[in-house]
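Spelled out from the first residue to the last, the chains are:
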Amino acid sequence: MKNKEKIIKQTIRFVKNTLEGEGSGHDWWHIYRVWKNALFIGKKENVDMFVVQLSALLHDIVDWKFQEKNDFKIVKEWLEKLNVDKNVISHVLDIIKEISFKGVNVKSKIKTREGMVVQDADRLDAMGAIGIARAFAYGGSVGREIYNPNIKPKPNEFFKTTKKKKGTTINHFYEKLLLLKNLMNTKTGKKIAKDNHNFMKKYLEKFLKEWEGKY
Ligand code: ADP
Ligand code: NI
């Protein structure tokens, strides 16, 4: 147990250092929040918290470090260096390979309870107060308008619009964020998602009213 705690601590440092090296230090906080979400959900589900924590901490490192190559070697080598059990390593690798959200029409291949917890934890960070902040931050970074009533949301074209300038951040809620609630895996995740979902809906209602000067 002591050893596992040490491995988690070392992995936290490893992830922080890797992300800072990339010049995207702020993204560490996404990992931090997913890790915290995973701890919260995982404690209420019957899962191996060591696998859950390692997967949460490492779930996005490949994306950032090797955008195109999808090279999971960095994770494998890191865990081997720490003498993590072979079965744990392959479980963690399976989870982080399957974790990314590929649009609402792609069926999730998450197989284990541990994977479900981490996927829920990641999705929750795209919802609620944090999710709203992230959406506008992302939209701004790719030059999207916050809203434009002339551009209608295209819920089934998530893939085509997501990384492009066209489209607005408000539309992103209808194209992705409001759909996440129904994709949650765990009981605890579903409960939190419902709350976060309602918060976003209220936010959107008020946003659209203010847009037209209706109070
Ligand atoms: P994930 O953390 O699930 O891998 P992404 O990397 O796709 O999510 O996106 C990171 C954050 O940016 C999320 O909060 C997501 O909602 C937001 N985001 C992604 N695409 C858009 C978009 N087209 N407009 C606004 N926000 C977006
Ligand atoms: Ni993530």
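So, here is what we can say about the structure in this document. (Residues numbered from 1 in each chain as written. Chains lettered and ligands numbered in written order. Predicted model: local features only at pLDDT ≥ 70, side-chain atom pairs only at ≥ 80, totals over all residues. Heavy atoms only, no water.)

**Examining helix α8 (residues 128-141)**
An ideal rise of 1.5 Å per residue puts 20 Å on 14 residues; α8 measures up with 20 Å between its terminal C-alpha atoms. Packed against the buried residues of α8 are α10 (169-175) and α11 (187-211). Within two residues after α8, G143 carries a phi angle of roughly 75°, on the positive side. (Helix = DSSP H or I, 4+ residues; strand = E, 2+ residues; numbered from the N terminus. Expected span 1.5 Å × (residues − 1). Contact = heavy atoms within 4.5 Å.)

**Notes on the nonpolar core**
Of all hydrophobic cores here, the largest spans 59 residues; its most connected members are V15, V75, L79 and F173. Ignoring sequence-local partners within four residues, the contact set of V75 consists of L58, I61, V62, L93 and I96. (Core = buried A, V, L, I, M, F, W, Y, C linked by side-chain atoms within 4.5 Å. Buried < 20%, exposed > 50% of the residue type's maximum accessible area, 1.4 Å probe, protein only.)

**A look at the side chain of D125**
Residue position: D125 is located in the loop between α7 (113-124) and α8. Within the local environment of D125, its side chain forms a polar contact with the side chain of R33, the two groups lying 2.7 Å apart. Those residues in contact with D125, other than ones at most four positions away along the chain, are H30, R33, V34, N37, I130, G131 and R134. (Polar contact = N/O pair within 3.5 Å; in protein donor to acceptor, adjacent residues only side chain to side chain.)

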